[in-house]
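Chain by chain, the residues run as shown.
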Amino acid sequence: SERLVAAAATKRLRREEFDIGWKVKSIPRNIDHAGNLPCAVPHGMCCLVFDESTRTVRVAATLEPAAAVNLEYLSTALEVRRREKREPLFS
């Protein structure tokens, strides 16, 4: 109907005006942050691996999307935890 077409056009204009909406360029890329790590991240995906014997965590490459970690988010969350002694609040 005309109303739906008009609503879609308005929505499209608002997305452009306020630069909102899903865009491929806004997906965080671990490849940028992984360069600081001592492991190769060939496909840009990495995970956390817990070593029970030493009770330490390390970063490792993964090909499994379900296991992948967003390094930028993790870094921000850990920084908030260290400074504020609380969980981070994201909108």
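Remember, predicted model here, so these are calculated numbers, not experimental data. (Residues numbered from 1 in each chain as written. Predicted model: local features only at pLDDT ≥ 70, side-chain atom pairs only at ≥ 80, totals over all residues. Heavy atoms only, no water.)

1. Side note on unusual backbone geometry
- Positive phi, normally seen in glycine, also occurs at Arg55, with a value near 55°.
- As for its position among the elements, Arg55 is in the loop between strand E1 (46-51) and strand E2 (56-61).
- Taking relative accessible area as the criterion, Arg55 reaches 65% and is therefore assigned exposed.
- Phi angles above zero are rare outside glycine, and Lys85 is one such case at about 60°.
- Along the polypeptide, Lys85 turns up in the segment after helix H3 (71-84). (Helix = DSSP H or I, 4+ residues; strand = E, 2+ residues; numbered from the N terminus. Buried < 20%, exposed > 50% of the residue type's maximum accessible area, 1.4 Å probe, protein only.)

2. Re the pattern of salt bridges
- Taken as a whole and assessed by the stated rule, the structure comprises four salt bridges.
- Here Arg83 ties to Glu79 by a salt bridge, and the two come within 2.5 Å at their closest N and O atoms. Placement of the pair is Arg83 and Glu79 together in helix H3, with a separation of four residues, close to one helical turn.
- Where Glu87 meets Arg81, a salt bridge forms, and the shortest distance between an N and an O atom there is 3.1 Å.
- Residue classification places Glu87 among the exposed positions, given a relative accessible area of 52%.
- Residue Arg81 is classed as partly exposed on the basis of its relative accessible area of 43%.
- The network of salt bridges with shared partners includes Glu79, Arg82 and Arg83. (Salt bridge = Lys/Arg side-chain N within 4 Å of Asp/Glu carboxyl O.)

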